[in-house]
Amino acid sequence: MTNRRHFLQAAGAAALAANFPALSAPPGVAGRLIPGTSESLSTVGLGNSNAFRQRDFENSRDLLKTYFSRGGRYVDCSGDGALLVASTARSLGHGSDLFLGAYFSGADADMSTEAAAQLRATAGKPSLDLMHTYPEDGVPHWDVFRRWKDEGLTRFIGLARHNVRYYDMMMKIMATGTLDFLQVNLSPLETEAEERILPMAMDKGVAVTINRPFVNGRYFSIVKGQELPAWAVEFDCTSWAQFSIKYVLSHPAVTCVLTETANPKHLLDNLGGGIGRLPSQQTRKKMRKLIRSFS
């Protein structure tokens, strides 16, 4: 499978210059309101990067420094990676800017409560921003997450998954009217969420964050060697990475799209997807058709 590093190496220096003309100093990424609040999130977030998972302090610091300098806010990660992000953000002077989504289990409420307290202390905040879990844990233990929110341990609660087989469970929790955040997969290659789950999220006022915009690297394998279409300029798109990100962000239900890069240069390119114009609904159809013609 071709990831972005291999994709760029294969493309060569000339293609690199064409695909990443804005790497030097792009403007700040756009923000969108969390439904039902006056608080906004950056439209491009950082997912569970290898830098965080592997506790690579130097790389994590470079990544977060770049991210915050361009107006980024939302970071989504789990376990020790969340502690690393929280402590690094504070050391960079951006502790108050960080909106951190971390993962917990309602099945072991005592252990999760202790882990949440440790993360809250590391973040230096009175409450965590977002405590979320997987649907298979959330459905039987949703009362635990609601209690954590009622007690002020967290400001928001949510569900996260990346496969259509979990959509029914997600919709079951959304139907209760108590879900704040939903994380689901969406890209020009994976559009199933647009059929049922995203319309329901809009209806219920749920914030939507998107994972797998590059389908774990498969997207770059598909676009490898292909020219970016000339009409991409109509929505300020200068790379294939931005092509997918802008497709995602042009859906009205989406609050933020998450990318998992550990490379600050790739991060800058991703952030370019949250800047400037977005494709129309008609153009989105053309984007899907183009990408699928390559596969």
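Up top you'll find the structure we're talking about.
Residues numbered from 1 in each chain as written. Predicted model: local features only at pLDDT ≥ 70, side-chain atom pairs only at ≥ 80, totals over all residues. Heavy atoms only, no water.

1. Observations concerning the pattern of salt bridges
Quick note on the threshold: For salt bridges, the criterion is a side-chain nitrogen of Lys or Arg within 4 Å of an Asp or Glu carboxyl oxygen. Runs of E in the DSSP output that reach at least two residues are strands. Runs of H or I that reach at least four are helices, and both are numbered from the N terminus. For every residue, the accessible area (1.4 Å probe, protein chains only) is compared with the maximum for its type, and the residue is labelled buried under 20%, exposed over 50%, or partly exposed between those bounds.
Counted according to the given criterion, the structure contains 13 salt bridges. The residue Arg155 makes a salt bridge to Asp129 at a minimum N-O spacing of 2.9 Å. Residue Arg155 is located in strand 7 (residues 154–160), and its partner Asp129 is located in strand 6 (residues 128–133); the two are separated by 26 residues in the primary sequence. Of the residues examined, Arg155 reaches a relative accessible area of 30% and is grouped as partly exposed. Note on Asp129: relative accessible area 5%, which makes it buried. Residues joined in a network through salt bridges with shared partners are Glu39, Arg73, Lys125, Asp129 and Arg155.

2. Digging into unusual backbone geometry
The phi angle of most residues is negative, glycine excepted, and most peptide bonds adopt the trans form. If you check the backbone angles, Val215 has positive phi at about 50 degrees while not being a glycine. Residue placement: Val215 occurs in the loop between strand 9 (207–211) and helix 9 (218–223). Its identity as a non-glycine residue notwithstanding, Asp236 has a phi of 55 degrees, on the positive side. Counting through the fold element by element, Asp236 comes out in the loop between helix 9 and helix 10 (240–249).

3. Quick word on the packing of aromatic side chains
Keep this limit in mind: Aromatic rings from Phe, Tyr and Trp, with only the six-membered ring used for Trp, were paired whenever their centres fell within 6.5 Å, and each pair was classed as stacked if the ring planes differed by under 30 degrees, edge-to-face if by over 60, and tilted otherwise. A ring has a charge above it when a Lys NZ or an Arg CZ is no more than 6 Å from the ring centre and no more than 35 degrees off the ring normal.
Applying the stated criterion across every chain yields a total of 16 aromatic pairs. Pairing Phe235 with Phe243 gives two aromatic rings, centres 6.1 Å apart and planes at 55 degrees, and the pair type is tilted. For the pair shown, Phe235 and Phe243 are each scored as buried. An aromatic cluster of three or more residues is present, and its members are Trp231, Phe235, Trp240, Phe243 and Phe294. Here the basic side chain of Arg284 rests over the ring of Tyr247, its NZ or CZ set 4.0 Å away from the ring centre.

4. A word on the nonpolar core
What counts is decided by this rule: We call a set of buried Ala, Val, Leu, Ile, Met, Phe, Trp, Tyr and Cys residues a nonpolar core when their side-chain atoms join them within 4.5 Å. Contact between two residues is taken to exist if any of their heavy atoms lie within 4.5 Å; hydrogens are not considered.
Val75 and Phe243 are the most contacted members of the largest nonpolar core, which has 87 residues in total. A total of seven residues in this core trace back to one element, the largest contributor, which is helix 10. The contacts of Phe243, once residues within four sequence positions are left out, are Tyr219, Leu228, Pro229, Trp231, Phe235, Cys237, Met287, Leu290 and Ile291.

Function cannot be read off these values alone, since they describe shape.
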